[in-house]
Amino acid sequence: MALPDSVTTCLSQPVHYAICKLGFEKTDTYDINNVLSGNGEVCWHAVTEHVCYLESDQSVDYIRSIRSLGPVCESVNLYFKSLTKEQFVFQYASWFHWTNCIQVFLEVFDVLQYIQATEVALGLMKLTSCLERALGDVYLLKGSDCPFLLRDLLASEQLADVFGQAVMNVLRVFIGSPHGLNLRNVLWHGFASPQEIPAKYCAMLLFLTAGLGQLLQTYLLQTTGVLVHRPYVNFISLEELDAFPDLNNEILSIAEELVKLSRFVLKIMLPFWIAALTAFKQSRYADSVILLLPQLEVGLRLLFTTSNKCPNRLLTAESSALYTTFDEMLAKHLDNGEVNQLPVVLEEPAMASDFLWDFLNHQEGPRIRDHLSHGEINLETFPREVANQIVGFAISLLCRFSDEDMFSLKEHMVIKPLMNCASCYQSRFHPISRLKKQVVECMKSIHLWPELPTLPEEQVQKIKGLEGNTEADTLILMISEVISQLQHYMPQNCCSSDDPINSVLTERLLVELCDTRICTLYSPRPVLEVVVVLRRISAQCHQVSQQVIAGAGLRYTQWLNKTLRSRQRHNYRRMLNSIKFLSPVLRLILLLTTLELVSVHSVCKKNPSDYQQYLKFLKSVLQYTENLVTYTSPEKNKWDETMELTKKTLIKLRKINDRKLMLMHLAT
């Protein structure tokens, strides 16, 4: 592994030149009054004339533009330093209203007064994310489906219509284009160290954001338009994110020592780590995570490039190549088809990769990096619970890649519980994990049925054709027979011959089966296809349960109030009779779903023909549950059809003597 101290920059030579030198080559002083009107507004014509274009195709010449804009940026930086906070607020605060996060831009002004490199970089990351979000809101004035990537947003016709193409070209010199300074990506992906980001570029983007606000105000007055801000993303079910113990000052103090000695940390990036831990101590949770996410990426990139013997990939790529980012580092294979060696280096690949996939990538997870970097989260209310998990995970990596002479710190009594949590982490947001959660929640819903208000038994039986509940009893007997066929695939001693339904179809058994550890990392496509179908089956079962609960409660109230017509009373009795077999049949389907899930990896290794028949069988079960949703809906209330449909399905299931042969028989 490369020594962290030996790395002096993560910027390739062309990118380092563009960011750190190119904008300083022209040393002449630029008069701020050229770009600033008497009332403090931005003179955009004077700014845009510094953007240069190639003669060949009139596209932006980024090299000449950066060089030309360098003195302008320095002049703006000095101008802001000459203002007091009160002057800045009076002059510019109103021009930041369009961003919906004025406080962030006021904080950036504060940072520029003292030029602390780490704080400048942090301010620039927050500024660019908030600016991107605001530009997306403006885009929606004229278009729909806002582009996900900043470069596509800045190149859109919609923004050019509002602000003018020349103005958008100025922005693209600083952010959004891999040919320009690309400050947003260079920082958010962890390539730039604090001292490599000139403060004058942060000042210039602050200045340009105010200028955009001025242009937008004019546009809205001319078009009588109204800028609508999209709502922020809120983290829900925070308890699901709870993987690491609460971090106290003692743990954070040990982390500060580990940071200085861990092989996971590049020395040039050390200020970011210290600032992240400090921000967490100060309850600035968004700042802590914004600082830490790029450092996790660069630390893993160091491991990735070393283990895969491609040290050049540690550096930021130019516009002609791709960045080495989380997505590639978490993949099973490299672009050349070779196996990614990073999991081997991590030693506990499932732990680290599952956590990263959960918190960064899985669509049903918090996707923290995407939401933060695209300005989709309210920074002022960022939850401690989320920050605690990111910092806790980072500390576990610091420990994992510390030398043996750090044994006393790694074995410290407050660190060991954290490391234990890291080693036993299981995915919470992979589709397989979400299916497990769905199954248990659906079973909990069905277990509420016995508590539903109901009529006396003699009232239910007073209907022609249902005396003695013979049809329901027949279906329940069929369910018991199917359960008996399945007991070889379930834990021992969970089936009572006297009452197979209530001894097997229990929440306890499903929870036990769902606790079976199933590999989620690098799930092959056939596995994911099966899981999609199983999730839909589970979701349909849950909807049936909810419809039954709502319908039974409503009909019982109407019965007591004597507001049911004769046909409705007749149908209500049929509903109550159907509930007796619907509960065990839904629980049976959940059991089948769970058993299929537990064996999903082995099933999907079958030959393509068998696999397709197996998938066809699952889809037939899905069709049954979808029909149940229709028949049990308040609009349909088709309880006789529900009984007949269930009988046909159970006949198919009962004919199968070996569950492994379902794929051969049930699809026919």
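Residues numbered from 1 in each chain as written. Predicted model: local features only at pLDDT ≥ 70, side-chain atom pairs only at ≥ 80, totals over all residues. Heavy atoms only, no water.

On to the UniProt feature "domain: DUF4209" (unreviewed entry) in the protein chain, then. In the UniProt entry, the feature "domain: DUF4209" (unreviewed entry) is given for residues 131-211. Within residues 131-211, the helical portion is 62% and the strand portion 0%, while the C-alpha atoms at the span's ends are 12 Å from each other. (UniProt positions renumbered as here; feature names shortened; annotations may be inferred. Helix = DSSP H or I, 4+ residues; strand = E, 2+ residues; numbered from the N terminus.)

What follows deals with the pattern of salt bridges. Going through the model one piece at a time under the given rule, you end up with 23 salt bridges. As a salt-bridge pair, arginine 301 and glutamate 297 come within 2.9 Å of each other at their nearest N and O atoms. Highlighted residues: arginine 301 and glutamate 297, both in helix α14 (residues 285-307), separated by four residues, approximately one helical turn. An identical accessibility class is assigned to arginine 301 and glutamate 297; each is buried. When the shortest N-O distance is used, the salt bridge between arginine 525 and glutamate 529 registers 3.4 Å. Within this pair, arginine 525 and its partner glutamate 529 are both found in helix α27 (residues 525-560), separated by four residues, close to a single helical turn. Glutamate 529 sits in the partly exposed class, given a relative accessible area of 28%. (Salt bridge = Lys/Arg side-chain N within 4 Å of Asp/Glu carboxyl O. Buried < 20%, exposed > 50% of the residue type's maximum accessible area, 1.4 Å probe, protein only.)

The biggest cluster of nonpolar side chains holds 157 residues, and the ones touching the most others in it are Phe80, Tyr92, Phe174 and Phe382. With 14 residues, helix α11 (residues 199-223) is the largest single contributor of residues to this core. Here this core spans two domains, since at least three of its residues come from each of domain 1 (13-223) and domain 2 (238-424). Apart from residues lying up to four places away in sequence, phenylalanine 382 is in contact with Phe235, Tyr285, Ala286, Val289, Ile368, Leu372, Ile377 and Ala387. Core analysis: the next-biggest nonpolar cluster, separate from the first, contains 69 residues, Ile501, Trp559, Phe581 and Trp639 among them. (Core = buried A, V, L, I, M, F, W, Y, C linked by side-chain atoms within 4.5 Å. Domains from an automatic or database assignment. Contact = heavy atoms within 4.5 Å.)

Here helix α12 (residues 249-261) contains 13 residues, and its C-alpha end-to-end distance of 19 Å stays within 8% of the 18 Å for a straight helix at 1.5 Å per residue. Every buried residue belonging to α12 is among Ile251, Leu252, Ile254, Ala255, Glu256, Leu258 and Val259, and all of these are buried. The N-cap residue of α12 is asparagine 248: its side-chain oxygen and the backbone nitrogen of glutamate 250 are 3.1 Å apart. (Expected span 1.5 Å × (residues − 1). Polar contact = N/O pair within 3.5 Å; in protein donor to acceptor, adjacent residues only side chain to side chain.)

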